[in-house]
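# What the coordinates show
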Amino acid sequence: MGISRRKFLLGMGAAGVVAGGAAVVPMARREGTLVAAKSRALFVPGTEGALPKEADVVIIGGGIQGVLSAINLRERGMSVVVCEKGEIAAEQSGRAYSQIISYKTSPEIFPLHHYGKKLWRGMNEKIGADTSYRTQGRVEAIASEKELEIVQDWIKLNSNPGFGSGLNTRIIQGAELANRLPNAQTEWQLAGFEEDSGSVDPETGVPVLARYAKSIGVKIFTHCAVRGIETAGGKISDVVTEKGSIKTSSVVLAGGIWSRLFMGNMGVDLPTLNVYLSQQRVSGVPGAPKGNVHLPNGIHFREQADGTYAVAPRIFTSSIVKDSFLLGPKFMHLLGGGELPLEFKLGPDLFNSFKMATSWNLDEVTPFEKFRTVTATQNNAHLDAVFDRMKAEFPQFEASEVVERWGAVVSPTFDELPIISEVSKYPGLVINTATVWGMTEGPASSEITADLITGQKPVIDPKAFSLARFDK
Ligand code: FAD
């Protein structure tokens, strides 16, 4: 399958509009500062009454990883308590772009994505409620011979993906592609089409899962920050929260961007660094492309179950903070070689990061109580630019309007793989954190987490996600 010279150049020219895809754009901006925020997710009332005196397992964090780990463990017959310092899905899980995809993922994380997608497809039926998950199909246009080769090789490599479901990704062209991109102003010739990709509206998905968790007996305490974990005789004995202690021998840490700070106080280094992103929703319009569209001229949008469109600039902002100095060298290789544009920002975050407590006693107020919900302020210039590009490519969106904008934070490791791992220093503790694809991986990574807690053979070998990899 070939691609004409003219279209190749057209694609490349367009990619230049968004800083060349792989470019690093150092610049100082006022946008992109960590601030306190309100949740944008559907409200989930916490369990009423006093904190239980004991539980089989305590889960720290009420995002997708915490909530799905709780469901998994409860379904295995355990008594489960989730402690969330703010509200359910108020941080990353309620602020994501939330496409459920496996397209071009690396061999290490492909199984998490492929299996995660399968579990999502059965999720609404399983829990008897509408999480907003939809299988919708995703088109990613191909604009160069090199990219075509990469996609062809990836499809070949993953042609037998396992988990009882096929790959369902192929290259499309002609009328099939044109139908997926109605009225596109660029004559795209080829695209990778992930037919079974999905979508979850972030403001709905995890809250609906949390309500299901409560219905099967998981106790969820919101505004309940965990200060730390106590041990006795080398084993976990208690989880200490701002509302009192819970006796337990098993803990899951699913604290999102806070996991590094939490484990730092326990003497375990999680090498994760925060990066900021901006998101928006715009209104749907007649004749708009259906499903999920990713074009190399910097246009990325996804139809939501509610008929609006999530539109993402996909530009990462690295705010210079204390951790930038501590971890920067480990992340250096990501600069310039990565797929996504990256900007740097110098602002109040630097001063604030030096003010943030990094160690405390368990009878003291911790940062988790001081910062119930945080986010990054959005970059309106990035958001305007991607919306303009979208309207230029699909003029039917001229009639569309911005519904909502927000900023968000992710906290990846320097190898861009999640941490799903036991902790040798604390038997009984499993960490499930540091993913940038948590909405897709959540169902699979939480099953691995539950396997590790219950001592079963993990459904996917978690070696690539273990803490031990950082010792090398
Ligand atoms: P979170 O959702 O952040 O949850 C962690 C929770 O732990 C928080 O609610 C926090 O308050 C709580 N907590 C922390 N410390 C404590 C404590 N000490 N005590 C009590 N509670 C505590 N993924 C995809 O698969 N597809 C996408 O298209 C996609 N797009 C994204 C776009 C953006 C803009 C962002 C931000 C993320 C995107 N992601 C996507 C990634 C995905 O959203 C995350 O990987 C996932 O939500 C992480 O879930 P989590 O449960 O680990 O963290």
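These figures come from a predicted structure and were not determined experimentally.

Of the regular secondary structure elements, the protein chain holds 13 helices and 25 strands. Computed over the C-alpha atoms, the radius of gyration of the protein chain is 22 Å, within 12% of the 23 Å expected from 2.2 N^0.38 for a compact globule of 472 residues. Dimensions of the protein chain, computed from the C-alpha atoms along their principal axes, are close to 70 × 50 × 45 Å. The contacts in the protein chain between residues at least 6 apart in sequence include a share of 79% that link residues at least 24 apart. For the protein chain, the computed accessible surface area is about 18900 Å², with 55% contributed by carbon and sulfur atoms. Side chains of the protein chain give 49 positive and 50 negative charges; the mean places of these two sets differ by 1 Å.

Of all residues adjacent to the ligand, which total 37 residues, the nearest are Glu84, Ser93, Gln99, Gly438 and Thr440. In this structure, Gln92 approaches the ligand through a side-chain N or O atom, which is 3.1 Å from an oxygen atom. In this structure, Ser98 approaches the ligand through a main-chain N or O atom, which is 3.0 Å from an oxygen atom. In isolation the ligand offers 1000 Å² of accessible surface; the protein chains occlude 98% of this area. Secondary structure elements with two or more residues in the shell around the ligand: helix H2 (64–74), strand S16 (275–282), strand S23 (402–410) and helix H13 (438–454).

Among the structural elements, Thr373 can be located in the loop between helix H11 (367–370) and strand S22 (374–376). With relative accessibility at 8%, the residue Thr373 sits in the buried group. Residues within four places of Thr373 in sequence aside, it is in contact with Val35, Ala36, Ala37, Lys85, Gly86, Glu87, Ala90 and Glu91.

What follows concerns empty space enclosed by the protein. This model, assessed by the stated rule, comprises three cavities of 30 Å³ or more. Here the largest cavity is characterised by a volume of approximately 80 Å³. If you trace the largest cavity, you find 12 residues lining it, with Tyr276, Ser278, Thr317, Asn379 and His382 closest to the centre. Per-class residue counts for the lining of the largest cavity are three nonpolar, six polar and three charged.

So, on to H2. With respect to burial, H2 is a largely interior element, 10 of its 11 residues being buried. Taken together, the buried positions of H2 are occupied by Ile64, Gln65, Gly66, Val67, Leu68, Ser69, Ala70, Ile71, Asn72 and Leu73.

The next point concerns the layout of surface pockets. By volume, the second largest pocket amounts to about 820 Å³. Taken together, 32 residues make up the lining of the second largest pocket; nearest its centre are Leu34, Leu261, Asn274, Ser353 and Met356. Secondary structure elements with two or more residues in the lining of the second largest pocket: strand S2 (34–36), helix H8 (259–264), helix H9 (322–331), helix H10 (348–355) and H11. It is H10 that contributes the most residues to the lining of the second largest pocket, four residues altogether. Tallied by class, residues from the lining of the second largest pocket come to 16 nonpolar, nine polar and seven charged.

The N-to-C vectors of H2 and helix H7 (residues 202–215) enclose an angle of 30°; their axes lie 9 Å apart at closest approach. On the basis of their axis angle, the class for H2 and H7 is roughly parallel. Classified by chirality, the crossing of H7 by H2 is left-handed. Taking contact as the criterion, the partners of Ile64, Val67, Leu68 and Ile71 in H2 are, on H7, Val206, Leu209, Ala210, Tyr212 and Ala213. In terms of residue class, the contact of H2 with H7 is built from nine nonpolar, no polar and no charged.

Each strand in a sheet pairs with another by means of backbone hydrogen bonds, the pair being arranged parallel or else antiparallel. Overall, antiparallel pairing links the three strands, which are arranged S5-S10-S6 in an open sheet. At either margin of the open sheet sits one strand with a lone partner, and together these are strand S5 (99–100) and strand S6 (134–135).

A few words now on the side chain of Ser165. Tracing the sequence through the fold places Ser165 in the loop between helix H5 (145–157) and strand S8 (169–173). Here Ser165 is in contact with His114, Lys118 and Arg121, once residues within four sequence places are set aside.

We now examine the confidence of the model for the protein chain. Atom-level detail of predicted coordinates should not be read off regions where pLDDT is low. Averaged over every residue, the pLDDT of the protein chain is 92; residues scoring 70 or more account for 93%. Long-range and interchain partners of residues 2–29, a stretch whose pLDDT sits below 50, account for 60 contacts in this model, where long-range means more than four residues apart.

Basis of the calculations
- Residues numbered from 1 in each chain as written.
- Predicted model: local features only at pLDDT ≥ 70, side-chain atom pairs only at ≥ 80, totals over all residues.
- Heavy atoms only, no water.
- Helix = DSSP H or I, 4+ residues; strand = E, 2+ residues; numbered from the N terminus.
- Rg over C-alpha atoms; globule rule 2.2 N^0.38 Å.
- Contact = heavy atoms within 4.5 Å.
- Areas by Shrake-Rupley, 256 points an atom, 1.4 Å probe, with all protein chains shown as cover.
- Lys, Arg positive; Asp, Glu negative; His and termini not counted.
- Charge placed at Lys NZ, Arg CZ, Asp CG, Glu CD.
- Near = heavy atom within 4 Å.
- Polar contact = N/O pair within 3.5 Å; in protein donor to acceptor, adjacent residues only side chain to side chain.
- Buried < 20%, exposed > 50% of the residue type's maximum accessible area, 1.4 Å probe, protein only.
- 1 Å grid on protein atoms, 1.4 Å probe; cavity = no way out; pocket = protein on both sides within 12 Å on 5 of 7 lines; lining within 4 Å.
- Points joined across faces, edges and corners; volume = space filled by probe spheres on them.
- Nonpolar A, V, L, I, M, F, W, Y, C, P; charged D, E, K, R; others polar.
- Axes fitted to C-alpha atoms, helices over the stretch in contact; angles between N-to-C directions.
- Parallel < 35°, antiparallel > 145°, perpendicular 65-115°, else oblique.
- Left-handed = near helix turned anticlockwise from the far one by under 90°.
- Pairing = 2+ DSSP bridges.
- pLDDT = per-residue confidence, 0-100.

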